[in-house]
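So the chains spell out like this:
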Amino acid sequence: MQLHFYKYQGTGNDFILIDNRKDFFKNDTKLISRLCDRKFGIGADGLILLQKPEEEADDFKMVYFNADGKQSSMCGNGGRCIVHFAKFLGIIEKEATFTAIDGKHLATVNPEDVKLQMQDIDEVSTLKNAYFVDSGSPHHIVFTENVQEIDVKANGSEIRYNNLYKKTGVNVNFVEQTGENKFYARTYERGVEDETLSCGTGVTAVAIAAFEAGLASKSTISIDTLGGNLQVSFEKEDKHYKNIWLSGPAEQVFKGEILC
Ligand SMILES: N[C@@H](CCC[C@H](N)C(=O)O)C(=O)O
């Protein structure tokens, strides 16, 4: 079969997007990992299916797979890319409502960025020298100095496979404070098993952890990644973080067909 695909990137976190409203693409771990392979396939950190909505109020449904071919939890950058794709396909104009594995999301598209509403966060766990936040995907967060010098793949994989997480895995973020309400984050992603250039649920988790740790005082936080800048804004009510929005650029890079 010839598979028609679109390649997207959101701050360097890259994805294969497939319009699967006609339901022709069936989940196939081996095929998805080959399509995501940078030598034998198209190359991507993950693959995303845009499906017909299951709920009447939605514009579409998002189904996300990591580069290892397995379906996973929420992808924030992928969520921003699929909203851009939905606009390209003419499904939406400036606003979107869609359902992903973690629930309902709202989004807006402008020429310069896509803003995506993330799920509310009720719990920030304090660990030994680290934080844990589930922002749709599970994130371990370490605040550190000299983040550019860290071997993210080696240190991240050690944490991802340790006894605390080895059953389900975790994404690992190394974060340096670079200014007032400004941070630099580097992320080891579960399912890619390597550092990616950016992680949307990762920076969301980092912003909430930074606020909770008293390292940030504003409710809009700027986070640089290897692939560009993302902004996270939120409101805190008691212990509850709500109205969380992740904003940043998303771009269609190319489209093509691949034999599979
Ligand atoms: N790149 C993503 C996160 C994708 C999911 C993650 N690898 C996991 O399996 O938890 C993002 O932008 O949020």
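Residues numbered from 1 in each chain as written. Predicted model: local features only at pLDDT ≥ 70, side-chain atom pairs only at ≥ 80, totals over all residues. Heavy atoms only, no water.

- As annotated in an unreviewed UniProt entry, the protein chain carries the name Diaminopimelate epimerase and is attributed to Haloflavibacter putidus.
- Taken directly from UniProt, the Sequence similarities (unreviewed entry) text for the protein chain runs: "Belongs to the diaminopimelate epimerase family."
- Per UniProt, the protein chain has the following entry under Function (unreviewed entry): "Catalyzes the stereoinversion of LL-2,6-diaminopimelate (L,L-DAP) to meso-diaminopimelate (meso-DAP), a precursor of L-lysine and an essential component of the bacterial peptidoglycan." (UniProt positions renumbered as here; feature names shortened; annotations may be inferred.)

1. Observations concerning the UniProt feature "binding site: substrate" (unreviewed entry) in the protein chain
Item 1. When the UniProt feature table is mapped onto this chain numbering, "binding site: substrate" (unreviewed entry) sits at Asn13, Asn66, Gly76, Asn77, Asn171, Glu189, Arg190, Gly200 and Thr201. Among the annotated residues just listed, those lining the largest cavity are Asn66, Asn171, Glu189, Arg190 and Thr201.
Item 2. By the secondary structure assignment, Asn171 is in strand E11 (residues 171–179).
Item 3. When sequence neighbours within four positions are dropped, the list of residues in contact with Asn171 reads Ser137, Pro138, His139, His140, Tyr188, Glu189 and Arg190.
Item 4. At a separation of 3.0 Å, a polar atom in the side chain of Asn171 contacts the main-chain carbonyl oxygen of Pro138.
Item 5. Its place among the elements puts Gly200 in helix H4 (residues 200–212).
Item 6. Each residue touching Gly200, except ones within four places of it in the same chain, is listed here: Gly76, Asn77 and Leu246. (1 Å grid on protein atoms, 1.4 Å probe; cavity = no way out; pocket = protein on both sides within 12 Å on 5 of 7 lines; lining within 4 Å. Helix = DSSP H or I, 4+ residues; strand = E, 2+ residues; numbered from the N terminus. Contact = heavy atoms within 4.5 Å. Polar contact = N/O pair within 3.5 Å; in protein donor to acceptor, adjacent residues only side chain to side chain.)

2. Topic: the state of the cysteines
Item 1. One pass over the structure, following the stated rule, counts 0 disulfides.
Item 2. Cysteine Cys75 is unpaired, with the sulfur of Cys199 as its nearest cysteine sulfur at 6.7 Å.
Item 3. The class for Cys75 is buried, based on a relative accessible area of 7%. (Disulfide = S-S within 2.5 Å. Buried < 20%, exposed > 50% of the residue type's maximum accessible area, 1.4 Å probe, protein only.)

3. Notes on the site of the ligand
Item 1. Residues in contact with the ligand amount to 17 residues; listed here are only the nearest, Ser72, Gly76, Asn171, Gly200 and Thr201.
Item 2. The side chain of Ser137 places a nitrogen or oxygen atom 3.3 Å from an oxygen atom of the ligand.
Item 3. Glu189 is positioned such that a nitrogen or oxygen atom in its side chain is 2.9 Å from a nitrogen atom of the ligand.
Item 4. Taken by itself the ligand offers 360 Å² of open surface, and the protein chains cover 100% of this.
Item 5. Here the ligand is seated within the largest cavity.
Item 6. Mapped by element, the contributors of at least two residues to the shell around the ligand are strand E4 (60–66), helix H2 (76–88) and H4.
Item 7. Considering only residue class, the shell around the ligand consists of 5 nonpolar, 10 polar and 2 charged. (Near = heavy atom within 4 Å. Areas by Shrake-Rupley, 256 points an atom, 1.4 Å probe, with all protein chains shown as cover. Sits in = over half its atoms within 2 Å of the grid points. Nonpolar A, V, L, I, M, F, W, Y, C, P; charged D, E, K, R; others polar.)

4. Section: helix H3 (residues 152–160)
Item 1. Regarding H3, the residues found buried are Val152, Gly156, Ile159 and Arg160. Viewed along the axis of H3, the buried residues span an arc of 100°, placing them on a single side of the element.
Item 2. Considering only its buried residues, H3 is in contact with strand E10 (138–143), E11, strand E12 (182–189) and strand E13 (194–196). (Arc of directions from axis to C-beta.)

5. Quick notes on helix H1 (residues 29–36)
Item 1. Those residues of H1 lying buried are Leu31, Ile32, Leu35 and Cys36. Along H1, the residues classed as buried sweep out an arc of 130° about the axis, all on the same side.
Item 2. At its buried positions, H1 is contacted by strand E1 (2–10), strand E2 (13–19), strand E3 (46–51), E4 and strand E17 (251–259).
Item 3. The N-cap residue of H1 is Asp28: its side-chain oxygen and the backbone nitrogen of Lys30 are 3.2 Å apart.

6. Observations concerning the pairing of E3
Item 1. Among the 6 residues in E3, 6 count as buried, and that is most of the element.
Item 2. A two-sided burial pattern is seen for E3, the buried positions comprising Gly46, Ile48 and Leu50 on one face and Leu47, Leu49 and Gln51 on the other.
Item 3. What joins E2 to E3 is H1, and the crossover it makes is right-handed.
Item 4. Pairing analysis gives 6 bridges linking E3 to E4, with the strands arranged antiparallel. Pairing of Ile48 across the sheet is with Tyr64, part of E4. (Right-handed = clockwise from strand over helix to strand, strands pointing away. Pairing = 2+ DSSP bridges.)

7. Describing the layout of surface pockets
Here the idea is plain: a probe the size of a water molecule rolls over the atoms and shows the empty space left.
Item 1. Considered as a void within the structure, the largest pocket measures approximately 160 Å³ in volume.
Item 2. In terms of lining, the largest pocket is formed by Gly12, Asp14, Arg38, Ala44, Asp45, Ala67, Val192, Asp194, Glu195, Thr196 and Leu197.
Item 3. In terms of residue count, E13 provides more of the lining of the largest pocket than any other element does, 3 residues in total.
Item 4. Class assignment for the residues of the lining of the largest pocket results in 4 nonpolar, 2 polar and 5 charged.
Item 5. Domain assignment of the residues forming the lining of the largest pocket places at least three in each of domain 1 (2–115 + 250–259) and domain 2 (124–238). (Points joined across faces, edges and corners; volume = space filled by probe spheres on them. Domains from an automatic or database assignment.)

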